[in-house]
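Given next are the chains, with one letter for each unit.
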Amino acid sequence: MTDALPHPVPAKRWVYVIPVAAIMYMLAYLDRNNVSVILPYMHGDLALSNADKGLVGGVFFLGYVFLQIPAAIFAQRWSARNTVLILMLAWGLAASLSGLVRTTSQFYVARFVLGLFEGGVWPAVLILLASWFPLRERARANALWMACLPLSSVLMAPLSGWMLDHASWRWVLVFQGLPPLLWAVVWWFTVADRPAQARWISRAEAGHLERALAADEAAKPPSGSGSYLDAVKQRPVLVLIGVYFFWITGFYGFNLWLPSVIKELTHDGSATEVGLLTALPFTVALLVMIANAAWSDRTGRRRQAVAVPLVVGIAALLLGQAVDGALPRMLLLCLTAAALYAPYGPFWAIPGELLRFEVVAVAMGLINALGNLGGFAGPYLVGWLTDATGSSVTGFAVLSAFLAVAVVLVALGLRPATRPERRPAGLTAEEGA
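The rules behind each value
Residues numbered from 1 in each chain as written. Predicted model: local features only at pLDDT ≥ 70, side-chain atom pairs only at ≥ 80, totals over all residues. Heavy atoms only, no water. Helix = DSSP H or I, 4+ residues; strand = E, 2+ residues; numbered from the N terminus. Buried < 20%, exposed > 50% of the residue type's maximum accessible area, 1.4 Å probe, protein only. Contact = heavy atoms within 4.5 Å. Areas by Shrake-Rupley, 256 points an atom, 1.4 Å probe, with all protein chains shown as cover. Phe/Tyr/Trp six-rings, centres within 6.5 Å; stacked < 30°, edge-to-face > 60°. Lys NZ or Arg CZ within 6 Å of the ring centre and 35° of its normal. Salt bridge = Lys/Arg side-chain N within 4 Å of Asp/Glu carboxyl O. Polar contact = N/O pair within 3.5 Å; in protein donor to acceptor, adjacent residues only side chain to side chain. Axes fitted to C-alpha atoms, helices over the stretch in contact; angles between N-to-C directions. Parallel < 35°, antiparallel > 145°, perpendicular 65-115°, else oblique. Nonpolar A, V, L, I, M, F, W, Y, C, P; charged D, E, K, R; others polar. Core = buried A, V, L, I, M, F, W, Y, C linked by side-chain atoms within 4.5 Å. Patch = residues over 30% accessible without salt bridge, like charges linked within 9 Å, V, L, I, M, F, W, Y side chains within 5 Å. pLDDT = per-residue confidence, 0-100. Expected span 1.5 Å × (residues − 1). Bend = angle between axes of the 7 residues up to and from the residue.

S.K.: If you had to explain the overall build of the chain to someone new, which residues and values would you point to?
M.R.: A count of helices and strands for the chain gives 20 helices and zero strands. Within the chain, buried positions represent 58% of all 433 residues. Sequence-distant contacts in the chain: of pairs separated by 6 or more residues, those separated by 24 or more amount to 85%. Looking at the chain as shown, the accessible area adds up to about 16,600 Å², and 68% of this sits on carbon and sulfur atoms.

S.K.: I'd love a proper account of the packing of aromatic side chains, names of residues and values included.
M.R.: Remark: the centre distance and the inter-plane angle together describe each pair of aromatic rings, the angle taken between the planes. The final tally for this structure, using the stated rule, is 30 aromatic pairs. Arranged with centres 4.5 Å apart and planes meeting at 50°, the rings of Phe-61 and Tyr-252 form a pair that is tilted. With Phe-61 in helix α2 (residues 50-64) and Tyr-252 in helix α12 (residues 235-265), this pair connects stretches of sequence that are 191 residues apart. Stacked on the ring of Trp-188, the Lys or Arg Arg-81 has its end atom at 3.8 Å from the ring centre.

S.K.: Describe the pattern of salt bridges, naming the residues involved and giving the relevant values.
M.R.: Overall, the coordinates contain five salt bridges when judged by the stated rule. Put simply, Arg-13 and Glu-137 hold a salt bridge, and the shortest N to O gap is 2.5 Å. With Arg-13 in helix α1 (residues 13-38) and Glu-137 in helix α6 (residues 135-146), the pair connects residues that are 124 residues apart, well separated along the chain. Just as Arg-13 is buried, Glu-137 falls in that class too. In this structure, the salt-bridge partner of Glu-264 is Arg-329, at a minimum N-O distance of 3.9 Å. With Glu-264 in helix α12 and Arg-329 in helix α15 (residues 326-341), the pair connects residues that are 65 residues apart, well separated along the chain. The class of Glu-264 is partly exposed, set by a relative accessible area of 48%.

S.K.: Explain the environment of Ala-90 to me, using residue names and the numbers behind them.
M.R.: Within the element layout of this structure, Ala-90 appears in helix α3 (residues 68-97). Under the relative-accessibility criterion, Ala-90 is labelled buried at 19%. Considered as a pair, Ala-90 and Leu-116 are 26 residues apart in the sequence and their alpha carbons are 9.5 Å apart.

S.K.: Pulling in residues and values, what's your account of the side chain of Ser-98?
M.R.: Looking at where Ser-98 falls in the secondary structure, it is placed in the loop between α3 and α4 (104-118). Only 2.5 Å separates the side chain of Ser-98 from the backbone oxygen of Ala-95, close enough to count as a polar contact. Those residues in contact with Ser-98 that sit more than four places away from it in its chain are Phe-107, Ala-110 and Leu-173.

S.K.: A description of the packing of α1 against α6 should follow, citing residues and the corresponding values.
M.R.: Running from N to C, α1 and α6 point in directions that differ by 40°, and their axes come no closer than 8 Å. By the criterion of interaxial angle, the relationship of α1 to α6 is oblique. Only Glu-137, Arg-140, Ala-141, Leu-144 and Trp-145 of α6 make contact with α1, whose side of the interface consists of Arg-13, Trp-14, Ile-18, Ala-21, Ala-22 and Tyr-25. Each residue belonging to the contact of α1 with α6 can be placed in one class, and the counts come to eight nonpolar, no polar and three charged.

S.K.: Lay out the nonpolar core in plain terms, naming residues and giving numbers.
M.R.: In this structure, Tyr-25, Trp-122, Trp-132, Trp-145, Trp-187, Tyr-344 and Trp-348 are the most contacted members of the largest nonpolar core, which totals 126 residues. The dominant element in this core, judged by the number of residues it contributes, is α12, at 17 residues. Excluding its chain neighbours within four sequence positions, the residues that come into contact with Tyr-344 are Trp-122, Met-146, Leu-149, Tyr-244, Trp-247, Ile-248, Phe-251 and Met-289.

S.K.: Tell me about a nonpolar patch on the surface, and please be specific about residues and values.
M.R.: Side chains of Phe-74, Trp-78 and Ile-86 sit close together on the surface and give an oily, nonpolar patch of about 350 Å² of accessible area. By the element assignment, Ile-86 lies in helix α3.

S.K.: Before we move on, could you go through the confidence of the model for the chain and cite the residues and values that matter?
M.R.: Reading fine detail from the predicted coordinates is not recommended where pLDDT is low. Residues of the chain with pLDDT of at least 70 account for 89%, and the chain-wide mean is 82. In this model residues 1-7 is a low-confidence stretch, pLDDT under 50, and it forms twelve contacts with partners more than four residues away in sequence or in other chains. With pLDDT under 50 throughout, residues 417-433 is counted as low confidence; its partners more than four residues away or in other chains account for 34 contacts.

S.K.: An account of the environment of Thr-389 is needed here, citing residue identities and associated values.
M.R.: Positionally, Thr-389 belongs in helix α18 (residues 374-389). Within polar-contact distance, the side chain of Thr-389 engages the backbone oxygen of Leu-385 at 2.7 Å.

S.K.: Could you give an account of the packing of α6 against helix α7 (residues 148-164), with specific residues and numbers?
M.R.: α7 packs onto α6 with a crossing angle of 20° between their chain directions and a minimal axis gap of 5 Å. Of the possible angle classes, the one that applies to α6 and α7 is roughly parallel. Packed against α6, whose contacting residues are Leu-144, Trp-145 and Met-146, the element α7 presents Cys-148, Leu-149 and Pro-150 at the interface. Grouping the constituent residues of the contact of α6 with α7 by class yields six nonpolar, no polar and no charged.

S.K.: So what's going on with α3? Which residues, and what values?
M.R.: Here α3 is 30 residues long, yet its end C-alpha atoms lie only 23 Å apart, well below the 44 Å a rise of 1.5 Å per residue gives. A bend of about 130° at Ser-79 is the largest found in α3.

What follows is the structure, given as structure tokens:
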């Protein structure tokens, strides 16, 4: 056995692949979530009720479903890089055009189309990362890429608020749809589908990394007949779909209405003030999300890294409805955001541990497609219940119940997976034997 290798697994992939993918999806998340900052300031323009506002946030996820599995298959069989590029150009145009709508119905359609084009990006990037990062690094790689979710809110919520103080909400949507069109150029020249195609690492390094990935695949259990249908019928995949649905219902229900809650805490503060304060919970979420993923990779305890934060989120969400005072409620909002973002890296490392590469694409697409229907249910439920009861308390209590179901499914439905033997970084299965 050798203690060191002449060509260690390249570290450049953390610099080239992760940041470019993170900025790309940060721009996608901006176009998804800027509406949450804009909605409280659309006074009378489209005459939206709270239920209408919830539907505006939720209809995005109806469109989000359709390209999940097709994009995952294209990414796995053709090219993740090219699949994302095409979708990036399409969603940038759709985002800008959503600022030109004139009726509520047109706004619904624009949000649906935006969701349609953004829907395929998530599974395509997960396939890309699976070609660059061995399983022992997968949760950290996922979390660093997915850090773009809270980071987008940290950076863009204040920006959206400032823009709203200087321009109409229509121009905010138009201008914020342009960056993806520009970033597509960076994506094209920087990203490669797999190490053998990258120009910025040596061939020896690329070969070494691909051997490590092949060793991971060899250690996985067979996926039955190897068909997509056989893979997605596996019990853990069905459980993961349920976990993701109930978690995402609470996640997006909280996210969409967070700026509205903060606006209430500030007694109708300016858009800039609300945007800056909205960034605080997501800053905390960013730090906790990365720390939880690192712990998950170090210990291999994926289930605990998903379930424990969600339990904390339930407690914080409920307690936030019972306490008075702007400061305690703001602290609980920060805790809730951190708890709801923390499971991302570990959760998306689980399918790669259970399924072989040839079938994991469609499984992750299906998990994301059906799970993200919770992104429709959560925002709409909160809006509808707020209109019906005159208070957001009932809506957030229902979100807590959804999160509780996710915890139960993780605890009872996902058995501890047999993890590949932990080897020193840089050793393949043969070299570590």
